[in-house]
Amino acid sequence: MPQCHSNRRISFDGISARAHRGFVAIVLIAVICTVAATWFVTSLGANSIRNERERKNASVLAQAKQALIGRGAIDASVPGSLPCPDMKTNIAGSNVPNDGIADLFAGIHCPSYIGRLPWRTLGLPDLRDADGERLWYALSPNFRDYASHVLINDTATGTLSASGATDVTNVVAIVFSPGAALGAQVRSSGANQNNVANYLEGANAAGASAFIAQSASDNFNDRLVTIAVPDLMAFVEKRVASEITVSLNRYFLAHSLLPGPASVADWTCQPDGDQNLCLPTGSLSPGILPRNLSPGAGWPGTTFPAWINSTWRTSVTYAVAPECTSLPACSNTTFSALTDAGVFTPKVTLIIGTVRRFTARIFAQ
């Protein structure tokens, strides 16, 4: 009997051991599943937070870019020009660093060509990135808003560049989201607040002309958006076409005809109200806009913005139907179309820049 009892005990202990091992396996599986689920939820949450931060940064950068392009397109003195960054001007009560107001010129230059985005000057709210930081802004000197020392038309070039997954050159301006402070960056009040190296990293901190865009890391978290010359000119050229069209209509209403184009070889040609053709009578050749009678003036019966004559007139190819350059006046019938070598073209065509064409709409009576 004792031996039998011993065998029964051994058998019981064997069953107990197997059951124990099974229980442990179940517990381990449960723990692994719990850890995996926790990791998945945590990872999903982290990705969601990261994506939301990127979305916020992209949104404020896009808003700043749109405001700068709009400001350039409607500028009254030099279309295409942009304000100085907000960095150094320090006039108590009116313009101090980090107040959102563009710096005043120091001589003929911006005091700094990199600083904070002048959001007040642009009519924007106080834009902040996902870390609550104000945006930074670099400007090409060629596009500063100084009428007597810049020439902005379709030939103007930007001096900035940004390298990254896609390199961008011929850049007018760059807007940065600086992100949270990294490494030795200190952003307390005083001089630290106006030191670009405490906000931007790597080559961006140098504030020169060559900037970088790269993936976020422990020592780089800048996000940026560029405004290349074509981005800006797409809107500025529309402004130019609109201004010229207004002048053409005013001239037509005053004289019942349109000025003929000037030859590229004789760009000083000007209309006088009696003899308008600067190219041979009957010529269908396009030319350029005839010269203004005086700086800041227009053709007889019109007034141009001064910048048309100084920066855009010789950059615009101008074609007009010959019958509309002499009396009797163009009628609605004759004004409808001009056939040049069998190709239908409008009565008046403006070609601005190298890739965009704008047709002037003349309101013939």
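Just so we're clear, the structure is a prediction, and the values are computed from it rather than from any experiment.

Colleague: What am I meant to see in the state of the cysteines here?
Modeller: One covalent bond between the sulfur atoms of two cysteine residues makes up a disulfide. Following the criterion strictly, the structure yields 1 disulfide and no others. With its sulfur 2.0 Å from that of its partner, cysteine 84 forms a disulfide with cysteine 110. With the S-S bond torsion at -80 degrees, the cross-link from cysteine 84 to cysteine 110 turns out left-handed. Of the two residues, cysteine 84 sits in the loop between helix H1 (2-74) and strand E1 (114-116) while cysteine 110 sits in the loop between H1 and E1, which places them 26 residues apart along the sequence. Side by side, cysteine 84 and cysteine 110 carry an identical accessibility label, which is buried.

Colleague: Quick question: what am I supposed to make of the pairing of strand E4 (residues 168-177) here?
Modeller: Each regular strand displays side chains that alternate between the two surfaces of the sheet. Most of E4 sits inside the fold, with 7 of its 10 residues counted as buried. Taken together, the 4 bridges between strand E2 (residues 136-139) and E4 define a ladder with antiparallel strand orientation. Residue pairing across strands places tryptophan 136 opposite phenylalanine 176, the latter belonging to E4. Hairpin connection from strand E3 (residues 160-163) to E4: 4 residues lie between these consecutive antiparallel strands. Bridge analysis of E4 against strand E6 (residues 223-228) gives 6 bridges, and the strand direction is antiparallel. The partner of phenylalanine 176 across the bridge, within E6, is leucine 224.

Colleague: Help me understand the nonpolar core in this model?
Modeller: Nonpolar side chains in soluble globular proteins tend to be buried together. Counting residues in each nonpolar core, the largest one holds 52 residues, and the members touching the most others are Leu117, Phe143, Val175 and Val240. Those elements giving two or more residues to this core turn out to be H1, E2, E4, E6, helix H2 (229-255), helix H3 (306-312), strand E8 (316-320) and strand E11 (348-352). Considering every element that reaches this core, the biggest residue donor is H2, with 9 residues. Once residues within four sequence positions are removed from consideration, leucine 117 is found in contact with Ala64, Leu68, Gly100, Leu122, Leu124, Leu127, Leu135, Trp136, Tyr137 and Val175. Membership of the second largest hydrophobic core comes to 13 residues, among which are Leu160, Ala162, Val171 and Leu200.

What counts and how
Residues numbered from 1 in each chain as written. Predicted model: local features only at pLDDT ≥ 70, side-chain atom pairs only at ≥ 80, totals over all residues. Heavy atoms only, no water. Disulfide = S-S within 2.5 Å. Helix = DSSP H or I, 4+ residues; strand = E, 2+ residues; numbered from the N terminus. Buried < 20%, exposed > 50% of the residue type's maximum accessible area, 1.4 Å probe, protein only. Pairing = 2+ DSSP bridges. Core = buried A, V, L, I, M, F, W, Y, C linked by side-chain atoms within 4.5 Å. Contact = heavy atoms within 4.5 Å.

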